Each structure stands twice: as structure tokens, then as C-alpha cells.
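So you can see what is in the structure, the chains are spelled out below.
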Amino acid sequence: MPGEAVTLQLGHYSGCVGAHWWGLQAAALRSPAEPAELRAAALLRFGRGPGGPETPTPRLVALELKGTAGWGGSGGPAATGRPRRDRALFAGGVGSLRADGAGTEPPVSWDGAVADYRDRAPAGGCAPRDTGSRRGDAAGDGKGNPGAAGPGAAPAGSQDAPSVRLWSDYLNVHLHPKSVYVIRQYLHDGDCGCLEAFGQGESLLQDPACVEELEDRLHFYVEECDYLQGFQVLCDLHNGFSGVGAKVTELLHDEYSRKGILTWGLTPVLSTVGDPQNSFYRLMNTALGIAHLSRHSSLFCPLSLSGSLGIKPQPPVTFPYIKYDASLNYHSSAILAAALDTLTAPYRLWSFQGSMMHFADSLTFSGRKAVAAWAALPLPALSGSSLPDTLSAHQQDVPWKLLSSWREQKVSCCFAQSVVLRGICKEKATSSCPGQPRSPLHSCESPEQVLQQYLHTQFPGAYSTSHVLQQPCDTRPPFPQFFSPLLTSRGFLLDKAQGSSSAGVESIPVLAALQSSPVLHSLLSGLCRDLRARNARRCSSFFTAGVEQDDFQEALEELKTLSQCYETGFGADGSEDEADSD
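Residues numbered from 1 in each chain as written. Predicted model: local features only at pLDDT ≥ 70, side-chain atom pairs only at ≥ 80, totals over all residues. Heavy atoms only, no water.

Brief notes about the overall build of the chain
What the chain contains, in helices and strands, is 12 helices and 15 strands. Buried positions account for 58% of the 582 residues belonging to the chain. Of the contacts made within the chain by residues no fewer than 6 positions apart, 82% connect residues no fewer than 24 positions apart. For the chain, the accessible surface area stands at approximately 22400 Å², while carbon and sulfur atoms represent 50% of it. (Helix = DSSP H or I, 4+ residues; strand = E, 2+ residues; numbered from the N terminus. Buried < 20%, exposed > 50% of the residue type's maximum accessible area, 1.4 Å probe, protein only. Contact = heavy atoms within 4.5 Å. Areas by Shrake-Rupley, 256 points an atom, 1.4 Å probe, with all protein chains shown as cover.)

Okay, structure coming up:
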């Protein structure tokens, strides 16, 4: 039986991903009565108020900034664990949200103090959508204007939630009062007073009062665990929260050295236009964040739908059966949350006998602390097809997309990988397509053997662990309905479109993997080249925020050393060895 994990969300975009992720946990609890494959208590705690029903809440510590209206809009920590509920679609608590948004049970009562923070809607009665207009947050022009939707933009009439601006707008679970900690020194949004630089974030966690508050919340959750596996850290990379994450993971590493620390560095889709200095700030925050988070974590994985984390953003990742608006954090974070829920499944399985530390060790040997994420959302599969049929249709290339911000590449090798396939019928082992020649996959005796044989063919010589889950990824609201009309309600392919939209997609099959892959060499060495091609010493305002020049150069050397761990000797790019600019 798997132990418990404590999750930390550091930054607003991490909160966006987390809100969807907690929604997926709530959806799993509402699934039809069948043997659960994943242990809900690995991420959730179950408490009962006086006279009330048992209510699951995330084992979560979330750090947010002043001005995030859903949480302590006046600048102090929110007095309640409940988000704003000013829209009927998300009015229900855990266990009370149907696919059509209607509740099936009365909301859970709360006997403690309650504070309700509401924003007035602007003229016209509709609050603005989540445009990602904060500098560096999403596809805007760097001046607060949303970027034009790309080819993956959601079509008109898609079933989006109204007025989505903050992650509290689509959070459909209750939070414990210990969960949200609002940092008063900086604003969530605005032209000044924002947490923009790595050094500012580091300084926050050097304040004894802030450290004491964080430790108090961590101890609250840790001490109630029967067996603590470790910590999941979701951290914004592109802003000053990368510095917060550096100090938080250092604290966890020092205080819980024998527990796993799995860190996910999150970046929203980046604008293709903007202020050059802001872009350079973002680049330095990212590089420093990766260096420090990798140093103190058991495993580090960058997650983003941006085509690149470098100085020149590339077009966002596209998916053949999802048409999302890259300028909406609500959309991009949902895709990453679905991937994250699948990638973290191994150490949440009821059958899992190890720990998060063992999980990380299987991927990070030989100094390779960073891994890349891949996902097929959804996995292209015909309705009613068997697992061998589904995988045999993708013998040339695995149909997943890279979610770790590098130009799309065909990767035919990796050092180690953890692969999870979910939502494909496990009972049908024979071909469902008469006349189709049988492949070696059809000779396997179990679904797990089918997947292992497929991975051995695609990645010969790699150390692969794999899991096959019956349970699909739930995509009912508040998950955005941005799916192709070529999908059934269960996320399988149709022969022809079923209409102008597919508002009824309730779940999808997913194939996802964490890989220790040579692609990390390209990503990390590319960041080093971008930084050395520009004279960082001229960006004096970044260093006045608290980062020393020597520390910056040390971080660059760490990135260079880490990137070299992923060299294969074929086409290695040695240009990062160039001398530093003066």
C-alpha cells in the first residue's frame, strides 16, 4: 500500500495546474463502484466535522501573492479553506458536481470561520477571461493584452466555464484552512510590486516569520501521516517563485533527507512578443530555478506547453484531438494536470510496494536528476479496440508529445523511463479487426506484457517500468471541453465527426511517460548558450534583487554539468563550452 505525500504549490500557474489536478482526484472519488486502482489517501486527507459527513481535502500547502482575489484579497491568509463560489457551474463541493454542473448532494457545511471574497464584475456583467496578461505568464503581448489564438484555439461555442480568471474559479474541492498561505510582500498582478526575480523569492524564505509559517503548515500535514512517502512540489519557473522553490526544496532536503522530493517546474505558454528585459528575467529565473531545484530534489521535471524555455519562444505544443487556446491558463494547465495525474500514478497505486524515493531512483541514476515528460492526450484508439490493436497502429512512432519545452524531436532512445497507459480495455487481448495480421503484441499474455513488449521495440536497451490502468482520465467539468468532434464520450476515435462540438467527452485514454532522455541535453545546454550569448552583468536590476554574480555563474556551471549527463556521443553540441562573455 502506498504511503502519503504532501503537495506544495508555489505560484499562480502552479495553482492553476493544481486546481485541475485536485478536480481529477475529486472525479476519481465519484467514479462508479469498482475496485479502485489508485489510493485516494495518498494525496487526500479525510476529515469529519462535528455532525457532518466525511470530507476529503488535499494534503496541500499553497503559497500565493496578495491580490489573488479568491484567497485573502485584503492581503492576509484566507480565513477559510473554501474558494469563491459565485458561479453555479462550480457550486458543488466534493461529490456534488455532475457533468452538467448540477449538484447531487447538499454542499458540505463548514463550522469554522468563513471569509467570502468577491470581485465586482465590470460593466456588462461578465468578468474578463483568464488572458494570462501578467508579464511572462501566457500568450500576451507583454503589455497586458492577450495574444492572438493560434491554430489550436478553442472554436467558437466551446463549452468553457464563464469568467475564468483565477485558479480558485475552477477549484471544486474544499481546502483545509492550513492550505493557503498568502505572501503579503508582493502583488499577484500589476505594473510594480510583483515577484519577478529569483533573488526576491529566495529572500522571502530567509525571513524567519515566513519560514516558521511554512514549517508550521508542513508539520501539521506530516505529523498526521501514517507513512510519509515524500513531497510533490509544483513550482513556477518563469518568475520569482523559482527562488521560493529553491529555498523550499532546500528546506525539505535538509529536514526530510530520507523522503522523496519530486519537483515539477511549471511554465505557462509564453508570449512570442514582449519586453526584451522581461524575457531575459524569465530566462534567468528559469535557469537558476532548474539548477537549484535539481540540486535539492530527488527528481526534477520541467512541464510546459511552450515550444521552448529559451530567449526566443517557439509555437506551443499542439495535439491532434484537442483544440485549446494557448492564451488561457485555464486551458493549458488542464492539459498539464491530466499528464501529471497519469505520470504520478505509479507511486499512488494500491499495489505499489516502494516509495517516491524508489520511484525517483529508478529514473535518476548516473547523476541525471532531470527527466522529460511525454503524453498522448488522448491516446488515439478506436472504440472497442484491444490494447494490442491500439499499440500496433503506432509501430513507427509513439504518438505522444513532448511536454518539457523543446523543439519536437523523434527520440528513439532513452536511458530509463516510467510509462503509464490508462483507459484502454484490458480484457480484450485478441484483435478486434478481422483480417488484420497479428503482431507480436497479440501473443502477449497480459496487458502489462503487451506494453512492455511495445516499449522494448520502441526503446531497445532502455530500463523501462510500465503500468496499465483500467481507469481513464476524467474530463468532466470543470475540465475544459476543448476536444475534437471526432471523439466519443469516452475519448475514443469515431469514423466521422459527431457534430460541431464534442461537449460530452467525459473521459479520455492517456499514454504518458517520464524519460531520462538525451533531449534534456539539448534543453539544458540551450539555456546555457542563450544566457552566455547575452551579457548578464548588464542586467544589474536582476542582481540587485539578491542574486550574486558568483552564484549565477555557479548555477550556469551546474546546468552545463547536468546537461553533459545526457550526452550520447551522437551529434553532441559542444558550443556551450564557449567562454563566458565579458
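Additional details are given in the paragraphs that follow.
Focus on the confidence of the model for the chain
For the chain, mean pLDDT is 79; residues scoring 70 or higher make up 73% of the total. Here residues 72-162 is modelled with pLDDT under 50, and outside its nearest four sequence neighbours on either side it reaches 202 contacts, counting other chains as well. Low pLDDT, under 50, characterises residues 571-582; the predicted model gives this stretch 21 contacts beyond four residues in sequence or across chains. (pLDDT = per-residue confidence, 0-100.)

Some remarks on a negative patch on the surface
A surface patch of negative charge is lined by Glu548, Asp550, Asp551 and Glu554. Considering the arrangement of structural elements, one finds Glu554 in helix α12 (residues 549-564). (Patch = residues over 30% accessible without salt bridge, like charges linked within 9 Å, V, L, I, M, F, W, Y side chains within 5 Å. Salt bridge = Lys/Arg side-chain N within 4 Å of Asp/Glu carboxyl O. Lys, Arg positive; Asp, Glu negative; His and termini not counted. Charge placed at Lys NZ, Arg CZ, Asp CG, Glu CD.)

Quick notes on the packing of aromatic side chains
All told, the structure shown has 11 aromatic pairs when counted by the stated rule. Residues Phe231 and Tyr256 carry aromatic rings whose centres are separated by 4.9 Å and whose planes lie at 55° to one another, so their mutual orientation is tilted. Here Phe231 is found in strand β6 (residues 228-236), whereas its partner Tyr256 is found in the loop between α4 (241-255) and β7 (260-267), with 25 residues between them in sequence. For the pair formed by Phe231 and Tyr256, the shared burial category is buried. Seen from their ring centres, Trp374 and Trp400 are 6.2 Å apart, and the 35° between their planes marks the pair as tilted. Residue Trp374 is found in strand β9 (residues 372-376), and its partner Trp400 is found in the loop between α8 (387-392) and β10 (401-402); the two are separated by 26 residues along the sequence. The pair Trp374 / Trp400 is uniform in exposure class, with both members buried. Connected via pairs of aromatic rings, a cluster forms that spans Trp374, Trp400 and Phe459. If you follow Arg368 out to its NZ or CZ, it ends over the ring of Phe415, 3.7 Å from the centre. (Phe/Tyr/Trp six-rings, centres within 6.5 Å; stacked < 30°, edge-to-face > 60°. Lys NZ or Arg CZ within 6 Å of the ring centre and 35° of its normal.)

Side note on the sheet that holds strand β12 (residues 463-469)
Spatially, the 5 strands line up as an open sheet ordered β10-β9-β15-β11-β12, and their pairing is mixed. Only two strands of the sheet have a single neighbouring strand rather than two, namely β10 and β12. Judged from the 7 bridges that link them, strand β11 (residues 416-422) and β12 form a sheet pairing that is parallel. Within the sheet, the bridge partner assigned to Leu421 lies in β12 and is Val468. On the sheet, helix α9 (residues 447-458) packs against β11 and β12 and is oriented at approximately 145° with respect to β12. (Pairing = 2+ DSSP bridges. Axes fitted to C-alpha atoms, helices over the stretch in contact; angles between N-to-C directions.)

Some remarks on the side chain of His442
Tracing the sequence through the fold places His442 in the loop between β11 and α9. Residue His442 is classed as buried on the basis of its relative accessible area of 5%. Polar contacts involving the side chain of His442 include one to the side chain of Asp389, which spans 2.8 Å. (Polar contact = N/O pair within 3.5 Å; in protein donor to acceptor, adjacent residues only side chain to side chain.)

So, the nonpolar core
Within the largest apolar cluster, 92 residues are counted, with the highest numbers of intra-cluster contacts made by Leu8, Leu252 and Phe542. Among the elements that make up this core, the one with the highest residue count is helix α5 (residues 276-296) (9 residues). By size, the runner-up hydrophobic cluster in this structure holds 73 residues, among which are Trp22, Leu171, Val180 and Ile335. (Core = buried A, V, L, I, M, F, W, Y, C linked by side-chain atoms within 4.5 Å.)

Considerations on the environment of Pro56
You can see Pro56 is positioned in strand β3 (residues 54-58). Given the relative accessible area of 10%, Pro56 is considered buried. Separated by 27 residues in the primary sequence, Pro56 and Leu29 place their C-alpha atoms 9.4 Å from one another.

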